[in-house]
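# Observations on chain architecture
The primary structure of each chain is shown beneath.
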Amino acid sequence: MGLTIGVDIGGTKIAAGVVDEEGTILETYKVPTPPSADGVTDAICSAVSAVSSHHTIEAVGIGAAGYVDDKRATVLFAPNINWRHEPLKDKVEQRIGLPVVVENDANCAAWGEYRFGAGQGHEDVICITLGTGLGGGIIIGNKLRRGRFGVAAEFGHIRVVPDGLLCGCGSQGCWEQYASGRALVRYAKQRAKATPENAALLLALGDGTPDGIEGKHISEAARQGDPVAVDSFRELARWAGAGLADLASLFDPSAFIVGGGVSDEGDLVLDPIRKSIKRWLIGGAWRPHAQVLAAQLGGKAGLVGAADLARQG
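Here's a quick rundown of the structure. Just so it is clear, the model here is predicted, and its values are computed rather than measured. (Residues numbered from 1 in each chain as written. Predicted model: local features only at pLDDT ≥ 70, side-chain atom pairs only at ≥ 80, totals over all residues. Heavy atoms only, no water.)

## Observations concerning the nonpolar core
Core analysis: the biggest nonpolar cluster contains 44 residues, and Leu130, Phe155, Leu202, Ile218, Leu244, Val269 and Ile273 have the highest contact counts within it. At the level of elements, β9 (125-130), β10 (134-140), α4 (181-194), α5 (200-205), α6 (215-223), α7 (227-251), β12 (255-259) and α8 (267-280) are the ones that each hand at least two residues to this core. The leading source of residues in this core is α7, at 12 residues. Once residues lying within four places of it in the same chain are set aside, the contact partners of Ile273 are Leu130, Ala237, Ala240, Gly241, Leu244 and Val292. Counting residues in hydrophobic clusters, the runner-up holds 31 residues, among them Ala37, Trp83, Ile96 and Val102. (Core = buried A, V, L, I, M, F, W, Y, C linked by side-chain atoms within 4.5 Å. Buried < 20%, exposed > 50% of the residue type's maximum accessible area, 1.4 Å probe, protein only. Helix = DSSP H or I, 4+ residues; strand = E, 2+ residues; numbered from the N terminus. Contact = heavy atoms within 4.5 Å.)

See the structure below:
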């Protein structure tokens, strides 16, 4: 199969891109994300039509945040769009006249990294994205593993603390409440309030108050050695590594690929994650350890992965 289109549905924009068999994006087109569910479908079709006008396209892959059924056709539930058992594949196919595959956006990103990014050369990888929340994907034996009903790898909602922090999903103690960009900001604010003398640089980068701290401030301050910022990254890494150690017990991958905005800090966060895995991995002194790798494709992973999954059929 030749060229395919990947569609990445974001909170503020919908991006469609023409992707070749080597994972290279040849052309992209972006439209704002509409507020209504029907508007999102319209925007997807509009973006696909615009980007396909100069190319012969074989199929389209759509990455959607939410639960996608085992047939890769229906969005069972989307947390940020009012889709409930939404027949997205059929609706888009009828309008664009091309085969469509719908997949969870974290699965798309994981597949993109496995095929064209940090996962190349590995047959068994687990991907996590440390962004606002925590997403993931499972590739075992060179195949994306989705589970019987298509909704596997919702790692962020594994409960790691019984009766812990309330999560947006309605449960308590979910992993993403302790290992995510949102958690990082919470750690920094708490520490800056408790010991402002150790957060002088961090506070200066914001508005001077703990409540004004944002993720970008923590990253910049940590790079300059601010104690509170560095300690906040270590706390996030401690939780991330502990969870990955459990996933190693479940899946025994050769590599963990860490993506999302937090991973942009490289070894500042990856090194303490590696140390945390070593601390918590059962039998770790006597068994092989998976590599911990930074994702390579950045924000392109989901689009590239969706296009390639459309190519796979």
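Once you've had a look at it, read on.
## Here we look at helix α1 (residues 37-51)
Helical geometry: 3.6 residues make up each α-helical turn, so side chains three or four residues apart lie on a common side. The first and last C-alpha atoms of α1 sit 22 Å apart over 15 residues, in line with the 21 Å expected at 1.5 Å per residue. Where α1 is concerned, the buried positions are Ala37, Gly39, Val40, Thr41, Ala43, Ile44, Cys45, Ala47, Val48 and Val51. Among the structural elements, β1 (3-9), β2 (13-19), β3 (25-32), β4 (57-64), β7 (84-86) and α2 (88-96) are those in contact with the buried residues of α1. (Expected span 1.5 Å × (residues − 1).)

## Section: the side chain of Ser232
With respect to the helices, strands and loops of the structure, Ser232 is situated in helix α7. The contacts of Ser232, once residues within four sequence positions are left out, are Leu184, Tyr187, Ala188 and Arg191.

## Considerations on helix α9 (residues 301-312)
Between its first and last C-alpha, α9 extends 16 Å over 12 residues, near the 16 Å set by a 1.5 Å rise per residue. A large share of α9 lies buried, amounting to 11 of its 12 residues. Every buried residue of α9 is accounted for by Ala301, Gly302, Leu303, Val304, Gly305, Ala306, Ala307, Asp308, Leu309, Ala310 and Arg311. Phi for Gly313, located one or two positions after α9, is positive at around 90°.

## Description of the packing of α6 against α7
At their nearest, the axes of α6 and α7 sit 7 Å apart, and the two run at 110° to each other. It follows from the interaxial angle that α6 and α7 lie roughly perpendicular. Along its contact with α6, which presents Ile218, Ser219, Ala221 and Ala222, the element α7 presents Ala229, Val230 and Phe233. Along the lines of polarity and charge, the residues of the contact of α6 with α7 split into six nonpolar, one polar and no charged. (Axes fitted to C-alpha atoms, helices over the stretch in contact; angles between N-to-C directions. Parallel < 35°, antiparallel > 145°, perpendicular 65-115°, else oblique. Nonpolar A, V, L, I, M, F, W, Y, C, P; charged D, E, K, R; others polar.)

## A closer look at the packing of aromatic side chains
Overall, the coordinates contain four aromatic pairs when judged by the stated rule. Relative to Phe77, the ring of Tyr67 lies with its centre 6.1 Å away and its plane at 55°, an arrangement referred to as tilted. Of this pair, Tyr67 sits in strand β5 (residues 67-68) while Phe77 sits in strand β6 (residues 75-77), and the two are 10 residues apart along the sequence. Among the residues examined, Tyr67 registers a relative accessible area of 33% and is labelled partly exposed. Measuring from centroid to centroid gives 4.9 Å for Trp111 and Tyr114, while their planes differ by 50°, and the two rings are tilted. Here Tyr114 and Trp111 lie together in helix α3 (residues 105-116), a separation of three residues that amounts to about one turn. Take Trp111: its relative accessible area is 6%, and that puts it in the buried class. Directly above the ring of Tyr178 sits Arg186, whose terminal nitrogen or CZ lies 6.0 Å from the centroid. Its guanidinium or amino end placed over the ring of Trp280, Arg279 lies 3.9 Å from that ring's centre, counting from NZ or CZ. (Phe/Tyr/Trp six-rings, centres within 6.5 Å; stacked < 30°, edge-to-face > 60°. Lys NZ or Arg CZ within 6 Å of the ring centre and 35° of its normal.)

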